[in-house]
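Listed here are the chains, written in short residue letters.
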Amino acid sequence: MCGIVGYIGNGNVYDILIKGLHRLEYRGYDSAGLALEGEDGKLKVYKSKGKVSNLEEYCKDKSLDAKVGIAHTRWATHGEPSDCNAHPHYSEDGKLALVHNGTIENYKVLKDALMQHGCTFHSETDTEVLVQLIEYIKVKNNCSLVDAVREALNQVVGAYAIAVIEKEHPDTIVAARQSSPLVIGIGEDETFLASDATPFVEYTKEAVYLNDGEIAVIKQGEPLKILKLDNSESKIDVKTLELSISQLEKGGFPHFMLKEIFEQPSTLKTCIRGRVVDDGRRIHINGINDHKDTFLNAKRIVIVACGTSWHAALLGKYLIQDMCKIPVEVEYASEFRYSNPVLDNRDVVIAISQSGETADTLAAAKIARKMGAFVYGISNSVGSSIPRETDSGTYLHVGPEIGVASTKAFTGQVMVLTLLALGVAQLRGTMESDQIAEIGKEILRIPDYVEKVLKLNEKIERLSLIYTYARNFLYLGRGYSYPVALEGALKLKEISYIHAEGYPAAEMKHGPIALIDAEMPSVIIAPNDHLYEKIVSNVQQVKARGGNIIAIVTEGDTVIRNIADHVLEVPPMPECLTPIITSIPLQLLSYYIAINKGKDVDMPRNLAKSVTVE
Ligand code: AGP
């Protein structure tokens, strides 16, 4: 939700900020803006509704000379997307400019108080309140910018990552964080800041992740200083980034989403590496091995997540219950956090989040930890908030996911959950070692299976043409294929804007069956598993009502082939591994339908990759 970038140094400030905004555009693209300060002593603020490219167009004939700058790409919360509501916002006297990612919950109270002191507001945003408050405190107390920021933040309730610059001191950026990410890149004679490290990875690999309640003072020619809200100084912990620039480019693909779909053989290989050892006979997960007693004594596992990660979580329930015989509950993080959860120190809570920054998942993890549960994070983003707020965890290692629609992160999450379930089963002795070895061997072959499934690409592209103009879709599956149905429906909805519902196939007859006619295609995920005979009946029920069927089946299937209108075949494999494979044709189908409809698949309307607001 919103991306922020800042730069101070001798490089081309405008170019660095714009390139950084493009990298962060996955976080929001309702409007973009920047503030520049140069030797001419002017604070120049340029903003534009829409994507970063609109801002570039707007800036073409503007003065862009600068030594310091801050920039923002917005996902609207308070106030519609417009030039006026775009960031940066500036203070009444025009001396301060500020960018913000997050929400100020008590903005109304603060705004009323500031209006009583004569402040006028020009936008509908909560952010403008913050910059006016800082300026008000600065003038009233005749203090420095950093002191004013600290006092203002002590009055604010909510989430924020901010960066502020001041007309009178164009050599300094003051930045702060509370529940929204912010990372500082330390270069030679130059400093960067951003919502994640992608805007500066080609300039420096040295990064400092700001913690909640910290304020950074970035001054040209001086070492970085980090203060806490009580004005004490924080230790600076410099990390080395493992990110590479090629991971942030499309690599010849027309969209990040397609690139990320096709990357899955290699991302799954990296995800598995070192975790399935002795030719598949043993599972080695550090996050479990370091906490054996916790997993041996766990009486219950609760998994919290949102969106696609929630679908992976649901698969986690099936996997863990099957393999470890531990009861599992799966909760939407946004519901869990307000549901007065009952937890104690024998509960393990697993928080799953690709970005590691989803506000609800982060809050759920914090609540669970406070209640004494052991919290395990599964994330893709190294150094993000969730891994830092949990007791242990596992990274996906699938590389940065830039397309807003999650693809390779989903298969990575399911793979990590499969490994986790096998690892805990190995520890608790709930599976025979030859059962583990049989699955372990097949896991090592997963990248090859994925490679094979990707060969369906052209067939799926042709198939998509038949269904591009359907107005509704039903996705059906049973057992391990039910969460896959939910995920397939979500993929289609979010990038093609076609209404789609995922349903347990047997539940269909309790309502949704009424919708079936020749106009509504059903996508049925029906691999050859222990529920195969059951789903064949469901396929027949759809056909009997005149519905069109696209079925995902196991190679060699003859029964469903004779009923369905189209079949897409996947290789045979153990039932618990099928979701990783059957989800891939669904990703491709959504992609091509959205492309046929001319939609922007990497930046679908109203969405953002990282949801850091409630
Ligand atoms: C996935 O395609 C979606 N864009 C979305 O549902 C996403 O999975 C959700 O916002 C959770 O994100 P997270 O994994 O980063 O926490």
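Before any of the text, the structure's been laid out above.
The following refers to the structure shown.

Conventions and cut-offs
Residues numbered from 1 in each chain as written. Predicted model: local features only at pLDDT ≥ 70, side-chain atom pairs only at ≥ 80, totals over all residues. Heavy atoms only, no water. Helix = DSSP H or I, 4+ residues; strand = E, 2+ residues; numbered from the N terminus. Rg over C-alpha atoms; globule rule 2.2 N^0.38 Å. Buried < 20%, exposed > 50% of the residue type's maximum accessible area, 1.4 Å probe, protein only. Contact = heavy atoms within 4.5 Å. Areas by Shrake-Rupley, 256 points an atom, 1.4 Å probe, with all protein chains shown as cover. Lys, Arg positive; Asp, Glu negative; His and termini not counted. Charge placed at Lys NZ, Arg CZ, Asp CG, Glu CD. Near = heavy atom within 4 Å. Polar contact = N/O pair within 3.5 Å; in protein donor to acceptor, adjacent residues only side chain to side chain. Pairing = 2+ DSSP bridges. Axes fitted to C-alpha atoms, helices over the stretch in contact; angles between N-to-C directions. Salt bridge = Lys/Arg side-chain N within 4 Å of Asp/Glu carboxyl O. Parallel < 35°, antiparallel > 145°, perpendicular 65-115°, else oblique. Left-handed = near helix turned anticlockwise from the far one by under 90°. Expected span 1.5 Å × (residues − 1). Nonpolar A, V, L, I, M, F, W, Y, C, P; charged D, E, K, R; others polar. Core = buried A, V, L, I, M, F, W, Y, C linked by side-chain atoms within 4.5 Å. Phe/Tyr/Trp six-rings, centres within 6.5 Å; stacked < 30°, edge-to-face > 60°. Lys NZ or Arg CZ within 6 Å of the ring centre and 35° of its normal.

Right, let's talk about the overall build of the protein for a bit. When you go through the protein residue by residue, the secondary structure sums to 19 helices and 26 strands. Over its C-alpha atoms the protein spans a radius of gyration of 25 Å, differing by no more than 12% from the 25 Å that the globule rule assigns to 614 residues. By its C-alpha atoms, the protein is 80 × 55 × 45 Å across when sized along the principal axes. Here the protein, with 614 residues, has 61% of them falling under the buried criterion. For the protein, restricting intrachain contacts to residue pairs at least 6 apart in sequence, the fraction spanning at least 24 positions comes to 70%. On the protein, roughly 23,500 Å² of surface is accessible, and the fraction owed to carbon and sulfur atoms is 48%. On the protein, the mean spot of the 65 positive side-chain charges and the mean spot of the 80 negative ones are 3 Å from each other.

Here we come to the site of the ligand. Not every one of the 15 residues close to the ligand is listed here, only the nearest: S309, S353, S355, T358 and E494. Within the backbone of V404, an N or O atom sits 3.0 Å from a nitrogen atom of the ligand. Bound to the protein, the ligand loses 91% of the 410 Å² it would expose on its own. Broken down by secondary-structure element, the contributors of at least two residues to the shell around the ligand are α10 (307-324) and α17 (481-496).

Another point: the sheet that holds strand β11 (residues 206-209). Strand order in the open sheet formed by eight strands is β3-β2-β4-β1-β10-β9-β11-β14, with antiparallel pairing between adjacent strands. Looking along the sheet, the strands with just one partner apiece sit at the ends: β3 (43-49) and β14 (239-240). Both strand β2 (residues 31-37) and strand β4 (residues 68-74) contribute to a ladder of seven bridges, which runs antiparallel. What sits directly across from G33, in β4, is H72. Packed on one face of the sheet, helix α1 (residues 13-24) meets β1 (3-8), β2, β4 and β10 (191-194) and runs near 160° to β1. Those strands touched by helix α2 (residues 52-59) are β2, β3 and β4, and its axis lies near 130° from that of β3.

On to the pattern of salt bridges. Scanning the entire structure with this criterion turns up 28 salt bridges. Among the ionic pairs, K452 bridges to E555, the shortest N-O distance being 3.0 Å. With K452 in helix α15 (residues 433-454) and E555 in the loop between β25 (549-554) and β26 (566-570), this residue pair connects regions lying 103 residues apart in the sequence. By relative accessible area, which is 44% here, K452 ends up partly exposed. Looking at E555, the relative accessible area reads 32%, which means it is partly exposed. Within this structure, K299, R300, E329, D344 and D347 form a network of salt bridges that share partners.

So, on to the packing of α15 against helix α19 (residues 578-596). Relative placement of two packed helices is described by the angle separating their axes and the distance separating the axes. It is the contact of α15 with α19, at a shortest axis distance of 10 Å, that shows an interaxial angle of 30°. When the axes of α15 and α19 are compared, the pair comes out roughly parallel. Once α15 is placed against α19, the crossing between them reads as right-handed. Between α15, through I446, Y449, V450, V453 and L454, and α19, the contact on the second element is made entirely by I580, I581, I584, P585 and L588.

Now for the pairing of β2. Within β2, seven of the seven residues are buried, which leaves the element mostly enclosed by the surrounding structure. Side chains S31, G33, A35 and E37 project from β2 onto one buried face, and the interleaved A32, L34 and L36 project onto a second face that is buried too. Of the pairings in the sheet, the one linking β2 to β3 comprises seven bridges and is antiparallel in character. Bridge pairing in β3 places L36 opposite K44. Hairpin connection between β2 and β3: a loop of five residues separates the two successive antiparallel strands, and G41 in this loop has a positive phi of roughly 75°.

What follows covers α19. With 19 residues, α19 should cover 27 Å at 1.5 Å per step; its first-to-last C-alpha distance of 28 Å lies within 8% of that length. Most of α19 sits inside the fold, with 17 of its 19 residues counted as buried.

Attention shifts here to the packing of helix α16 (residues 457-467) against α19. Orientation of α16 relative to α19, taken along the N-to-C sense of each, is 50°, at an axis distance of 8 Å. Here α19 runs oblique to α16, going by the angle between their axes. Helix-helix and strand crossings are classified by hand; for α16 and α19 the assignment is right-handed. Residues N457, I460, E461, L463, S464, L465 and Y467 of α16 touch α19, and the partners they reach there are P585, L588, L589, Y592, I593 and N596. Residue composition of the contact of α16 with α19, grouped by class: nine nonpolar, three polar and one charged.

This paragraph deals with the side chain of N85. Residue placement: N85 occurs in the loop between β4 and β5 (89-90). A polar atom in the side chain of N85 sits 2.6 Å from the side chain of E124. With residues near it in sequence (within four places) discarded, N85 still touches R74, G79, E80, S123, E124 and T125.

Let us now look at the nonpolar core. Grouped together as the largest cluster of nonpolar side chains are 94 residues, with contacts concentrated most on I320, M323, I350, I446, F473 and Y475. Those residues in contact with I446 that sit more than four places away from it in its chain are L268, M415, M573, L577, I580 and I581. The next biggest cluster of nonpolar side chains, apart from the first, holds 31 residues, and it includes L21, L24, L36 and V201.

A complete count under the given rule lists twelve aromatic pairs for this structure. Between the aromatic rings of Y46 and Y58, the centroid separation amounts to 6.4 Å while the plane-to-plane angle is 65°, which identifies the pairing as edge-to-face. Note that Y46 is positioned in strand β3 and Y58 in helix α2, a separation of twelve residues in sequence. Each member of the aromatic cluster is reached from another via a ring pair, and the members are Y7, F192, F200 and Y203. Sitting over the face of the ring of Y58, K62 holds its NZ or CZ atom 4.2 Å from the ring centroid.

Attention now moves to α1. The terminal C-alpha atoms of α1, which comprises twelve residues, lie 16 Å apart, in line with the 16 Å expected from a rise of 1.5 Å per residue. Burial analysis of α1 places nine of its twelve residues in the buried class, the great majority of the element. Within α1, the full set of buried residues consists of V13, Y14, I16, L17, I18, G20, L21, R23 and L24. Buried residues belonging to α1 abut β1, β2, α2, β4 and β10. Two or three places before Y14, at the start of α1, stands the capping residue N12, its side-chain oxygen 3.2 Å from that residue's backbone nitrogen.

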